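Working through the structure, step by step
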Amino acid sequence: EPEVTQTPSHQVTQMGQEVILRCVPISNHLYFYWYRQILGQKVEFLVSFYNNEISEKSEIFDDQFSVERPDGSNFTLKIRSTKLEDSAMYFCASIRREYNEQFFGPGTRLTVL
Amino acid sequence: DQQVKQNSPSLSVQEGRISILNCDYTNSMFDYFLWYKKYPAEGPTFLISISSIKDKNEDGRFTVFLNKSAKHLSLHIVPSQPGDSAVYFCAARGPNSGGSNYKLTFGKGTLLTVNP
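Now for a look at the structure at hand. Bear in mind that the values here come from a model prediction, so they are computed numbers and not experimental data. (Residues numbered from 1 in each chain as written. Chains lettered and ligands numbered in written order. Predicted model: local features only at pLDDT ≥ 70, side-chain atom pairs only at ≥ 80, totals over all residues. Heavy atoms only, no water.)

Residue and element names in this part refer to chain B. Relative to strand β7 (residues 62–67), strand β6 (residues 56–59) runs antiparallel, the two sharing four bridges. Each residue of the ladder has a partner; that of aspartate 59, found in β7, is phenylalanine 62. Between β6 and β7, which follow one another and run antiparallel, lie two residues, and glycine 60 among them has a positive phi close to 65°. Where β7 and strand β8 (residues 72–77) come together, six bridges link them in antiparallel fashion. Of the residues in β8, the one forming a bridge with threonine 63 is histidine 76. If you look at the hairpin formed by β7 and β8, you'll find four residues sitting between the two strands, and lysine 71 has a positive phi there, around 55°. (Pairing = 2+ DSSP bridges. Helix = DSSP H or I, 4+ residues; strand = E, 2+ residues; numbered from the N terminus.)

Dropping the structure here:
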C-alpha cells in the first residue's frame, strides 16, 4: 500500500540554523500539506501546495518558512532560521482531488536547542 | 480560535463495550469531517469520514454520526478492543478558500484507553 514517507525522523538543530524537512508524497497525489504539532497541543495547518505553488498558508507560516517541490517527487519544508518555539512534530500529508482523506506521513520531530 | 473542539481529553472503556468520542465545531462552512487515529511517534491514520450532507457513515466497528443543527459529531466504536487504544482526532475540512485547498482543522484529540 502506498504511503507518505518523511525524513529524517528526528532532527536536532541549534537556534538560528536552517533546517530542511523532506517528504515523499504518494505518487499520484496532487495536493500537498505541512502540519505541525507542538507537544501536548493540536495538529495545526501550516501550508498547502498545489500545481507548484502555495494555495494557502497559516499565520504560523511566516517569512522564515518556505516549501518546494524540486523534482516532482520530493516535497520539502525549509525553516531558514529556527527558533526554540519551532520545536514540534512536523507532518506532511497528501491527497488526490477526488478523494477526501489526507494521508499523513510518520512525521519529523524537530528539536531546536 | 478553536473551531473544532474535543472537550474530553481522555476516555477509558472496558474491552467489548462501546466507545463514544465527541466533537463539536463552530464553523458552518465545514463540508467534510474526518476522524484520525494516532499512536505515539506516528502520523495520524485516517479512520472514517462523513460528508456534511449525510448524518451517518458506518465502516465495520466504526460509525460516525453528524448532527449539523447542533454542529456535533461523534465516533462510535463497538465493540472496543485494546488495540483501539490511541489518540483520536476529529478534523474538519474547509472552508474552501479558492478551489484548490482542502486544509484540515483538527481538534485537540481524545486519548482512548480500552482496558482488557
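Continuing now.
Attention shifts here to the packing of aromatic side chains. In total, this model carries 17 aromatic pairs over all chains according to the counting rule given. Ring geometry for phenylalanine 104 of chain A and tyrosine 36 of chain B: centres 5.3 Å apart, planes at 85°, overall edge-to-face. Of the two residues, phenylalanine 104 of chain A is situated in strand β10 (residues 103–104) and tyrosine 36 of chain B in strand β4 (residues 32–38); the pairing between them involves two chains. Of the residues examined, phenylalanine 104 of chain A reaches a relative accessible area of 10% and is grouped as buried. (Phe/Tyr/Trp six-rings, centres within 6.5 Å; stacked < 30°, edge-to-face > 60°. Buried < 20%, exposed > 50% of the residue type's maximum accessible area, 1.4 Å probe, protein only.)

At the junction of the two partners, chain A supplies 20 residues and chain B supplies 24 residues. With both sides pooled, the region where chain A packs onto chain B buries about 1,900 Å², and carbon together with sulfur makes up 55% of that total. Seen at the junction of chain A and chain B, the total is one salt bridge. Residues lysine 103 of chain B and glutamate 56 of chain A are paired through a salt bridge, measuring 2.9 Å at the closest nitrogen-oxygen approach. (Contact = heavy atoms within 4.5 Å. Buried area = accessible area lost by both parts, 1.4 Å probe. Salt bridge = Lys/Arg side-chain N within 4 Å of Asp/Glu carboxyl O.)

Let us look at the state of the cysteines. Enumeration over the complete set of coordinates arrives at two disulfides over all chains. Disulfide pairing places cysteine 23 of chain A opposite cysteine 92 of chain A at an S-S distance of 1.9 Å. Classification of the bridge connecting cysteine 23 of chain A and cysteine 92 of chain A rests on its S-S torsion, roughly -65°, and on that basis the disulfide is left-handed. Of the two residues, cysteine 23 of chain A is situated in strand β3 (residues 19–24) and cysteine 92 of chain A in strand β9 (residues 88–95); the sequence distance between them amounts to 69 residues. By the burial criterion, cysteine 23 of chain A is buried, and cysteine 92 of chain A matches it. Across the disulfide, cysteine 23 of chain B is cross-linked to cysteine 90 of chain B (sulfur-sulfur distance 2.0 Å). (Disulfide = S-S within 2.5 Å.)

Residue and element names in this part refer to chain B. A complete count under the given rule lists four salt bridges over all chains for this structure. Across the salt bridge formed by arginine 93 and aspartate 31, the nearest N and O atoms sit 2.9 Å from each other. Within this pair, whereas arginine 93 is found in strand β9 (residues 86–93), its partner aspartate 31 is found in the loop between β3 (19–25) and β4, the two being separated by 62 residues in sequence. With a relative accessible area of 11%, arginine 93 lands in the buried category. Between aspartate 84 and arginine 61 there is a salt bridge, with its nearest N and O atoms 2.8 Å apart. Here arginine 61 lies in the loop between β6 and β7 and aspartate 84 lies in the loop between β8 and β9, a separation of 23 residues in the sequence. Taking relative accessible area as the criterion, aspartate 84 reaches 3% and is therefore assigned buried.

Before going further, it helps to examine the environment of serine 8 of chain B. All names here are of chain B. Within the element layout of this structure, serine 8 appears in the loop between β1 (4–5) and β2 (10–14). Owing to a relative accessible area of 39%, serine 8 belongs among the partly exposed residues under this scheme. Along the sequence, serine 8 and cysteine 23 sit 15 residues apart, while their C-alpha atoms lie 8.9 Å from each other. Filtering out sequence-adjacent residues up to four positions away, serine 8 remains in contact with Gly109 and Thr110.

Everything listed here is a matter of coordinates, which is why it stays silent on function.
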